[in-house]
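Next come the chains, spelled out residue by residue.
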Amino acid sequence: MHFYLDTATRAEAEPLLRSGLFAGLTTNPSILAGAGVVNRQIPELVDWAGAAGAGTVFVQAWGSTLAELEDRGDWIHSLGDHLVVKVPATAEGVAAARALAVRGVRVLVTAVYAREQALPAMAAGAEFLAPYLGRMNDAGRDGTGEIAAIQQCITAGASPLKLLVASLRETAQISALAQLGVSHFTFGPATWHKFFADPLTAAAVEVFEAESARMEGGG
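The paragraphs below set out a description of the structure included in this document. (Residues numbered from 1 in each chain as written. Predicted model: local features only at pLDDT ≥ 70, side-chain atom pairs only at ≥ 80, totals over all residues. Heavy atoms only, no water.)

### Some thoughts on the overall build of the chain
When helices and strands are counted, the chain shows eleven helices and eight strands. Here the chain, with 219 residues, has 43% of them falling under the buried criterion. Sequence separation of 24 or more characterises 55% of the internal contacts of the chain that already satisfy a separation of 6 or more. A total accessible area of about 10,500 Å² is found for the chain, and carbon and sulfur atoms account for 54% of it. (Helix = DSSP H or I, 4+ residues; strand = E, 2+ residues; numbered from the N terminus. Buried < 20%, exposed > 50% of the residue type's maximum accessible area, 1.4 Å probe, protein only. Contact = heavy atoms within 4.5 Å. Areas by Shrake-Rupley, 256 points an atom, 1.4 Å probe, with all protein chains shown as cover.)

### A closer look at the sheet that holds strand β7 (residues 162-165)
Read around the closed barrel, the eight strands follow the order β1-β2-β3-β4-β5-β6-β7-β8; overall the barrel is parallel. Averaged over all pairs of adjacent strands, the angle between their axes in this sheet comes to 30 degrees, without regard to strand direction. Where strand β5 (residues 107-112) and strand β6 (residues 128-131) come together, three bridges link them in parallel fashion. Bridge pairing in β6 links Val 112 to Pro 131. Strand contacts of helix α9 (residues 171-178): β1 (2-6), β7 and β8 (184-187), with the helix running at about 170 degrees to β8, the strand carrying the most contacts. (Pairing = 2+ DSSP bridges. Axes fitted to C-alpha atoms, helices over the stretch in contact; angles between N-to-C directions.)

### Topic: helix α1 (residues 10-18)
The set of residues buried in α1 consists of Ala 13, Glu 14, Leu 16 and Leu 17. Its buried side turned inward, α1 meets β1, β2 (24-26), α3 (42-52) and α10 (189-194). Once α1 finishes, Gly 20 follows within two positions and takes phi at roughly 80 degrees, a positive value.

Quick look at the structure:
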């Protein structure tokens, strides 16, 4: 199981990365903007995330042309071997994914909303594909069904492409996808804390603490 933290806010990311429970950090332009991080500060983000324990950091190339995406993808790659360049699932993005991948750059194709979008990413040699589960559901699509179909395509084609499912809001969604063979997930701190919000667990811990205190008092 590989969990990635979907945030660029240093104060909330560092403690979770230091726990050793997250394989890395994922970002995109919206996440960077929400954290007040501008493009020139990306190297600083990469440095503190790596120091906190992020084995992999995902940064999205920006631009609308193939040349722009390639150029910025190369710059992101230059920041370290643990960087993965994200490109959108557009014609230009997939072309950039191919150009970057043949140069040994690690690439993720992002903003995926339908099963057929996985096929060009597979042909491009991308390492990761990021379908947006929650946003698929918001649009009235069967997000889990689409992701299950993508996983079947990957398995049938014996492709090394890995699904990194994003836009996750509930832990039940993660559990359902894990049962389908998906093993890479990215989500924010709020979703992470939901793993530990079961009231029965909380009640059991209270009992344990009370019993421990009683035994301490009894010598």
